[in-house]
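# Structural description and commentary
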2 protein chains.
Amino acid sequence: MANSASGDSVVDRVVRVIEAFPEGVTTLQLTELADRAGLPLSSAHRLVRQLSHHGLLDLGAGGTVRLGLRLWELVNRNSPTLALRTAAMPFMEDIQQVLNQNVNLAVLDGWEALFVERLSRRGSVANRAQIAGRMPVHISSAGLALMSHQSRELQAEYLRHFNDPAGKVSADVVRHLLAEAAQQGYVQLAGVVDPDTWGIAVPVMNGKRKTIAALGVVVPLAEMRLQALVPALQTAARGIGRQLA
Amino acid sequence: MANSASGDSVVDRVVRVIEAFPEGVTTLQLTELADRAGLPLSSAHRLVRQLSHHGLLDLGAGGTVRLGLRLWELVNRNSPTLALRTAAMPFMEDIQQVLNQNVNLAVLDGWEALFVERLSRRGSVANRAQIAGRMPVHISSAGLALMSHQSRELQAEYLRHFNDPAGKVSADVVRHLLAEAAQQGYVQLAGVVDPDTWGIAVPVMNGKRKTIAALGVVVPLAEMRLQALVPALQTAARGIGRQLA
DNA sequence: CACGTTCTACCATTGAATGGAAGGTGCGTT
DNA sequence: AACGCACCTTCCATTCAATGGTAGAACGTG
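Here, residues in each chain are numbered from 1, in the same order as that chain's written sequence. Written order decides the labels, with chains lettered from A and ligands numbered from 1. Where totals are concerned, whole chains, interfaces and linings use all residues; where local detail is concerned, this predicted model gives features only for residues with pLDDT of at least 70, and gives and counts side-chain atom pairs only at 80 or more.

What follows is about the sheet that holds strand 9 (residues 211-220) of chain B. Each strand in a sheet pairs with another by means of backbone hydrogen bonds, the pair being arranged parallel or else antiparallel. Residue and element names in this part refer to chain B. Being paired, for any two strands, means DSSP has found at least two bridges between them. The secondary structure listing takes helices from DSSP runs of H or I that are at least 4 residues long and strands from runs of E that are at least 2 residues long, numbered from the N terminus. As summarised here, the arrangement of the six strands in space is 6-5-4-9-8-7, forming an open sheet in which the pairing is antiparallel. Each having just a single partner strand, strand 6 (134-136) and strand 7 (187-190) make up the two edges of the open sheet. The average undirected angle you get between the axes of adjacent strands in this sheet is 30°. Bridge count between strand 4 (residues 102-109) and strand 9: five bridges; the pairing is antiparallel. Looking at the pairing, N104 lines up with G216 of strand 9. Working definition of a contact: two residues with C-beta atoms, positioned from the backbone, lying within 7 Å. Where helices are involved, their axes are fitted lines through C-alpha atoms of the stretch in contact, as for all axes, and angles between N-to-C directions lie from 0 to 180°. Against the sheet, helix 9 (residues 226-244) contacts strand 7, strand 8 (197-205) and strand 9, and its axis sits at roughly 30° relative to strand 8.

The structure is reproduced here in structure tokens:
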């Protein structure tokens, strides 16, 4: 045995170590980390020690491992969505202030909407911000707003791969939703997670009219007023797009 | 030559690649990246390609390199400050709402305050949120609030290393500021960056009375009202600490 | 059209990465 | 108090993955 009995490179292993943390978990025991990353304990230990030396990980006493503050800093400083967030933030604040609703901003990654920023509704404790959270395209207004404005090819590809694990939604329903969204220019969707909330989202386009994000709100069922919400969102979305150009 | 003519490990190099991005820069040309990371072009190219294969980096056509969306997601999902931010967010929102001021949350990293979260003042465009930004301890209210509640040893160590690049502040002045801060339980500091603003910060302590963060506001000079601000901040800080226990 | 620049691919060389084994350490149990 | 267990940490001979100079491809430019 020498370099990697399992036939993977050092880079692969570094990635596996970072990916080993399950969602929302900040601390892992070294043994468990090695397990999850599929690495021999001594290899995991060596990698973690090296990475923690540079501050990308944090190896505490007793073998507790966390992501390093330095890694968090580096990634957020040079985030690939930095320009988008910078452009969007003032508009999101406006919406939060004027409409007093939860505002969120998402981008498309694979067949899911990835939430990049989220401002919670003033005064409401519900709807905890899930920045860096994901939602499948077909059950989120942001996801539908994003997908409905992608190229025909990508949409076809998506529908081909489509399969609802819950089995509640068929590809045809999704096709219909996408068509409707594309035609209307916004998406409204009864909350699938919380039955008492609605999601409304609109696409954000850059200078070249390419849809790069979705801007949305989550509102209590009782306060659902499309007439007020949609124009406000669309105006903000255009503002963001202009800012990006 | 074989493995690394420069005597560094693969892990070192991966770290250097990620660290190569200057603050606020999201895109780098491959050649420039190799340059900044101090790597031979072909090595840099290989590493970037491997990393982008896993989504930690994003190697676009023409050799443009960015941090990967997946890396951003992983780091923010499992952020080492997740518990702190989750506990602090509702209180920060309260302050933003009640006092209508810029609120921020910082932790101590080395001899600097690292800003972990920041809510901008409603309606104000100024004071752009600099999440993941840093400020030296001696010129930020958050930094002073943090350092003034650390152990005697750490403070001594800090003062020993202290050296103001600008040469405006002496170690003795900082010593005085720290002593005052420790005694008062809060810090007020005339904005060093912007002369028209004040910073006020208080320490956030966990269940064991260890100071783990600083909660602060940045207010326009004209609206400086310590009587209203300090108690609100202290109350919120205690609330956050309780939440963490 | 030639030249400079940058990206990408190739491949023989070799020392850095590997992981089993052994030694600590702390904790809970008998 | 002694034992057992689970986990962390270190060591080191083996060997294959990482290395980077070189060369070619793909641009853009004067």
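Let's shift gears to the relation of the copies chain B and chain A. Two chain copies, one operation linking them: a rotation about an axis together with a shift along it. Laying chain B over chain A is done by rotating through 180° and shifting 0.0 Å along the axis; what remains is an RMSD of 0.1 Å. On this basis, the relationship between the two copies can be described by a two-fold rotation axis. A shared interface surface links the copies, since 100% of the contact residues of chain B are contact residues in chain A too. When the copies are superposed, the least-squares fit draws on C-alpha atoms of residues that have pLDDT of at least 70 in both.

In this complex, chain B contributes 48 residues to the contact, which on the side of chain A involves 48 residues. Only helix 1 (10-19), helix 3 (41-53), strand 3 (64-67), helix 4 (69-77) and helix 5 (82-99) of chain B provide two or more residues apiece to the side of chain B that touches chain A. When residues in the side of chain B that touches chain A are grouped by element, the largest group, eight residues, is from helix 4 of chain B. Residue classes in the side of chain B that touches chain A are distributed as 26 nonpolar, 13 polar and nine charged. Residue polarity is assigned by list, with Asp, Glu, Lys and Arg as charged and Ala, Val, Leu, Ile, Met, Phe, Trp, Tyr, Cys and Pro as nonpolar; anything else, Gly included, falls into the polar class.

With that settled, the discussion passes to the domain arrangement of chain A. Domain delimitation follows an automatic or database domain assignment. Assigned domains within chain A: domain 1 (10-75) and domain 2 (79-244). A separation of 33 Å is found between the C-alpha centroids of domain 1 of chain A and domain 2 of chain A.

What follows is about the environment of A:T27. All names here are of chain A. Mapped onto the elements, T27 comes out in strand 1 (residues 27-29). Remark: the alpha-carbon pair of T27 and R70, spanning 43 residues in sequence, is separated by 16 Å. Dropping the residues within four chain positions of it, T27 is found in contact with T64 and R66.

Take the pairing of strand 8 (residues 197-205) of chain A next. All names here are of chain A. With C-beta atoms placed from the backbone, a residue is labelled by how many other C-beta atoms lie within 10 Å of its own: buried for 20 or more, exposed for 12 or fewer, partly exposed between the two. Across the nine residues of strand 8, eight count as buried, placing the element largely inside the fold. As paired strands, strand 7 (residues 187-190) and strand 8 are joined by four bridges and run antiparallel to one another. Each bridged residue has a counterpart across the sheet, and for V187 the counterpart in strand 8 is A201. Linking strand 7 to strand 8, which pair antiparallel, is a turn of six residues. Across nine bridges, the pairing between strand 8 and strand 9 (residues 211-220) is antiparallel. Within the sheet, the bridge partner assigned to V202 lies in strand 9 and is L215. If you look at the hairpin formed by strand 8 and strand 9, you'll find five residues sitting between the two strands, and R209 has a positive phi there, around 60°.

To estimate the expected span of a helix, subtract one from its residue number and multiply by 1.5 Å. The first and last C-alpha atoms of helix 3 (residues 41-53) of chain A sit 18 Å apart over 13 residues, in line with the 18 Å expected at 1.5 Å per residue. Turning to helix 3 of chain A, its buried residues number three or more, namely A:A44, A:L47, A:V48, A:Q50 and A:L51. Each buried residue of helix 3 of chain A sits inside an arc of 165° when the element is viewed along its axis, so together they form one side. In this structure, the buried residues of helix 3 of chain A make contact with helix 1 (10-19), helix 2 (30-37), strand 2 (57-59) and strand 3 (64-67) of chain A together with helix 1 of chain B. Note that the arc is defined by the directions from the helix axis to the C-beta atoms.

In this section: the packing of helix 1 of chain A against helix 3 of chain A. All names here are of chain A. Running from N to C, helix 1 and helix 3 cross one another at 85°; their axes reach a closest spacing of 11 Å. If you check the angle between helix 1 and helix 3, you find them roughly perpendicular. Of helix 3, the residues touching helix 1 (which contributes R13, V14 and V17) are A44, L47 and V48. In terms of residue class, the contact of helix 1 with helix 3 is made up of five nonpolar, no polar and one charged. Relative orientations are named as follows: roughly parallel for angles under 35 degrees, roughly antiparallel for angles over 145 degrees, roughly perpendicular for angles from 65 to 115 degrees, and oblique for any other angle.

This part is about helix 4 (residues 69-77) of chain A. Burial within helix 4 of chain A is extensive, with nine of its nine residues counted as buried. Taken as a whole, helix 4 of chain A has its buried residues at A:L69, A:R70, A:L71, A:W72, A:E73, A:L74, A:V75, A:N76 and A:R77.

Residues and elements named next belong to chain A. Remark: helix 2 packs on helix 3, axes separated minimally by 9 Å, with the N-to-C direction vectors making an angle of 105°. Taken together, the axes of helix 2 and helix 3 lie roughly perpendicular to each other. Between helix 2 and helix 3, the residues in contact are L30, T31, L33, A34 and A37 and L41, A44, H45 and V48, respectively. Broken down by class, the residue content of the contact of helix 2 with helix 3 amounts to seven nonpolar, two polar and no charged.

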